[in-house]
Structure formats: C-alpha cells, structure tokens
Amino acid sequence: MALLKVKFNQKKRVKLAQGLWLMNWFSVFAGILVFSMGLFLKIELRKRSEVMDNSESHFVPNSLILMGILSCAFNGFAGKICYDSLDPTKFAKWKPFLKPYLALCFFFNILIFFVALICFLMRGSLESTLSQGLKNGMKFYRDTDTPGRCFMKKTIDMLQIEFKCCGNNGFKDWFEIQWISNRYLDFSSKEVKDRIKSNVDGRYLVDGVPFSCCNPSSPRPCIQYQVTNNSAHYSYDYQTEELNLWNRGCREALLHYYSSMMSSMGAVVLLVWLFEMSVMVGLRLLQTSLESIANPEDPECESEGWILENSLKDSLKSALESLKKIGKFNQVEADAEGAEGEEGGKTPAITTVS
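Residues numbered from 1 in each chain as written. Predicted model: local features only at pLDDT ≥ 70, side-chain atom pairs only at ≥ 80, totals over all residues. Heavy atoms only, no water.

Quick look at unusual backbone geometry
1) Next: For Gln 226, which is not glycine, the phi dihedral falls at a positive 50°.
2) Next: Here Gln 226 lies in the loop between α7 (190–198) and α8 (250–291).
3) Next: On the basis of relative accessibility, which here comes to 35%, the residue Gln 226 falls in the partly exposed class.
4) Next: Non-glycine residue Ser 235 carries a positive phi angle of around 50°. (Helix = DSSP H or I, 4+ residues; strand = E, 2+ residues; numbered from the N terminus. Buried < 20%, exposed > 50% of the residue type's maximum accessible area, 1.4 Å probe, protein only.)

So, the packing of helix α5 (residues 123–139) against α8
1) Next: Between α5 and α8, the least distance of the axes is 10 Å, while the angle of their chain directions is 145°. For α5 against α8, the interelement crossing comes out right-handed. Residues Arg 123, Leu 126, Glu 127, Leu 130, Ser 131 and Leu 134 of α5 pack against Cys 250, Arg 251, Leu 254, Leu 255, Tyr 258, Ser 259 and Met 262 of α8.
2) Next: Across the contact of α5 with α8, the residue classes tally to 8 nonpolar, 2 polar and 3 charged. (Axes fitted to C-alpha atoms, helices over the stretch in contact; angles between N-to-C directions. Left-handed = near helix turned anticlockwise from the far one by under 90°. Contact = heavy atoms within 4.5 Å. Nonpolar A, V, L, I, M, F, W, Y, C, P; charged D, E, K, R; others polar.)

Quick notes on the pattern of salt bridges
1) Next: Tallied over the entire structure, the rule returns 9 salt bridges.
2) Next: Ionic pairing is found between Lys 80 and Asp 84, a salt bridge with its closest N-O pair at 3.5 Å. With Lys 80 and Asp 84 both in helix α2 (residues 59–84), this residue pair falls 4 residues apart, about one helical turn.
3) Next: Several salt bridges converge on common partners, so that one network encompasses Glu 44, Lys 47, Arg 48 and Glu 162. (Salt bridge = Lys/Arg side-chain N within 4 Å of Asp/Glu carboxyl O.)

With respect to the nonpolar core
1) Next: Residues Leu 41, Leu 64 and Trp 174 are the most contacted members of the largest nonpolar core, which totals 82 residues.
2) Next: Here the element with the most residues in this core is α8; it accounts for 16 residues.
3) Next: Residues from two domains meet in this core; each of domain 1 (3–137 + 252–307) and domain 2 (171–247) gives at least three.
4) Next: Contacts of Trp 174, omitting those with residues within four sequence positions, involve Met 138, Tyr 141, Ile 156, Gln 160, Cys 166, Gly 167, Trp 179, Val 206, Gly 208, Val 209, Pro 210 and Cys 213. (Core = buried A, V, L, I, M, F, W, Y, C linked by side-chain atoms within 4.5 Å. Domains from an automatic or database assignment.)

Focus on α5
1) Next: For α5, built from 17 residues, the straight-helix expectation of 24 Å at 1.5 Å per residue is met to within 8% by its first-to-last C-alpha distance of 24 Å.
2) Next: Leu 126, Thr 129, Leu 130, Gly 133, Leu 134, Gly 137 and Met 138 are the residues of α5 that are buried. Take α5 and look down its axis: the buried residues cluster within an arc of 150°, on one side only.
3) Next: Looking at the packing, one finds that the buried side of α5 touches α6 (152–163) and α8. (Expected span 1.5 Å × (residues − 1). Arc of directions from axis to C-beta.)

Thoughts on the UniProt feature "transmembrane region" (unreviewed entry) in the chain
1) Next: Here, UniProt's "transmembrane region" (unreviewed entry) annotation points to residues 20–41, 62–81, 101–122 and 255–275.
2) Next: For residues 101–122, the helix share is 95%, the strand share is 0%, and the end-to-end C-alpha distance is 31 Å. (UniProt positions renumbered as here; feature names shortened; annotations may be inferred.)

A word on the environment of Asn 62
1) Next: Its place among the elements puts Asn 62 in helix α2.
2) Next: Residue classification places Asn 62 among the partly exposed residues on the basis of a relative accessible area of 39%.
3) Next: For Asn 62 and Leu 41, which are 21 residues apart along the polypeptide, the C-alpha to C-alpha distance reads 9.2 Å.

Side note on the packing of aromatic side chains
1) Next: Counted by the stated rule, this structure contains 12 aromatic pairs.
2) Next: On the numbers, 5.2 Å between centres and 75° between planes, the contact of Phe 163 with Tyr 257 is edge-to-face. Note that Phe 163 is positioned in helix α6 and Tyr 257 in helix α8, a separation of 94 residues in sequence.
3) Next: Residue classification places Phe 163 among the buried residues on the basis of a relative accessible area of 9%.
4) Next: Taken together, the aromatic side chains of Phe 74, Phe 77, Tyr 101 and Phe 108 make up a single cluster linked through ring pairs. (Phe/Tyr/Trp six-rings, centres within 6.5 Å; stacked < 30°, edge-to-face > 60°.)

Overview of the state of the cysteines
1) Next: Scanning all chains against the criterion turns up 3 disulfides.
2) Next: For Cys 165, the disulfide goes to Cys 250, at an S-S distance of 2.1 Å. Because the sign of the S-S torsion sets the handedness, a value of about 85° for the bond joining Cys 165 and Cys 250 places this disulfide among the right-handed ones. Pair noted here: Cys 165 is in the loop between α6 and α7 and Cys 250 is in helix α8, with a separation of 85 residues, a long-range link.
3) Next: Residue classification places Cys 165 among the buried positions, given a relative accessible area of 0%.
4) Next: Here Cys 214 pairs with Cys 222 through a disulfide, and the sulfurs are 1.8 Å apart. Where Cys 214 bonds to Cys 222 through sulfur, the torsion about that S-S bond is close to -75°, and the disulfide is left-handed. (Disulfide = S-S within 2.5 Å.)

Laid out in structure tokens, this is it:
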C-alpha cells in the first residue's frame, strides 16, 4: 500500500504546482537569509579571532553559507520544474531528472538538519577555543612593542569595555600574568626589584588590573591597583564590598554572546528545514500524480500521487535488497577479475611427442 496516497484532478494538480512554485521562491529567500546569517556570524568571529585558539569555530558560519547557496540553487531549479509542470509537454523533459533530484533533496535536507543541530551543540568546542585564546591573548597584552602583537592590548581593552568583562574567568586572572610592559617599569626601584625577585619566573606581578576592567557606573573611583590590599584604600574591604570592577570573565561573556546568536540561527535553520521538507513532499506528490496519468492525451483525467509507492517497511526492505544486489554484483566482478588473473598467470604445459 502506497504511503500518503492522494487523488488529484487537473485543478488540484495545477493548484499544487502553483503553490509549490511560490513556496520554492520563498525557500530561495530563506536560503538568502541563511547565507546572510552565516556571513554575519563569520564576520563577528573574525572580529575577535585574536582571542580564539583555532579556526574550528568557523565551521558553523561556513556551513550556513554553503547551505544558503545550495538552498538557492535547489529551490530555484525546483521552481522552474513546478512552473513547467503546468504544461505536460514541458514537464516531459524533466521526468528523467526528477528522481535523482528528489534523492539529492533528501540528502540536502539531512545536511540542513545536521547544521541546525551543530548550531546548538557547538557551545563546548567554542568554550575551550575562547578559554585558551583569551589566556594566550592576555599573555601578549604587554607586548606593545613586539611586531605582530602590538595590537593585542587594544583588542583586549576594547573587548573588556564592550562586553563589560574582566580577564578570562574573572579579574584575578590578571594577578597571575605580567601585563605591564618592562619599558614602564623602573628597575632601579627597590619595590620593582623585590617583586621580580620574589617570583620564580622573574615576572612583575601585581594585584592590579588594566583600566578597561573598571565599571564606569560605579560611584567610587576605580580601584585597579592593590585590589586585595584593604589598608591601601580608605573604607575598603575587597572581600565584602562590591568591587567597581567587572566581575564577569570575558570567556563567559563571549560564550553567552556567541551561543545565544548560534542558538537563534539554529532555530531559524530548523524552520527552514521544515519548510524545505514540505516542499520536497509536495514536489514528490506532484511528480507521482503527473507520472500516473493514465491517458497523457487527456490532461483532465484523474491521477494518484504518493510519497512512497509501497509502505515504509516494504520500501526499506526493497532498498536494502537493492544494496545487497549491488554488493553481490561488485563481489562477483571482483572474483571474475581474480580468476582471470590466475588463469593468465598459469604457464601452459608443453608436451613433446617422441
């Protein structure tokens, strides 16, 4: 028994073709939207590529761009088929291409669904990329005179100001690295010498943070140096008082920004996938209803359309049998080639007549 069998007359077939033509052009615009989202996400990731450890994060925007291009191509082609199906003579030239095209559409829809899932599941990979990238970026914060790294200070400062964050996981991350350049340190000062000698790696570490960590909304002037020294500031206790520094780490801020963006894009791609699935089902019904017309010379006669010619179970069985036949055929060919090789390798026996 055919799956989702529907009876059609000429009027219904025309309405289905016209509706599918319109839906395909809506799908083209949806493809442009998916392409635009991928391009926007790629630009956003490029802006902060200096604080990302690898290029794996670009897999999502690249996939969205590719899906957008393929969606425009597939649906533009399908729109042409639906338009030509209004005329039986024009539709005849598309018959040999429809089954392969529908098979491609099926795999294309699987890819769209996969890309939608990836948009939701990339959080873990993105988190590790940001964590390592920010850690490396903070190490180069002081290298304002080093070619290739002189921009890192500006990048980190703008990042902390824009996203209202400080450090990788929090402001204390700055206590563990030397973020002040040696050119601004007075090495004749006893305090500077003592701090450098007290550190195993010979770094100048302070309990302070860059100015970009300061919260301008705080009523108190920013305390960015000697943050943990209560006696250095009047009426101050860093453990109980709400600091005038951003408490949130930049890894968390960026992760939330990109994750929410990709989740929204994933939801849009899922809607596009549902729309594409409905277009594919409609195109299959149109194809079978036109091919099952009993009398092609009488376009007004009734016909039947279906998704699968047999039930889902029977269709899966026949597909598996076809795959088995292909496998057996390839095996027979391989055995035949092997036998020919063996025969060719045998030395013919020479008999002598005395």
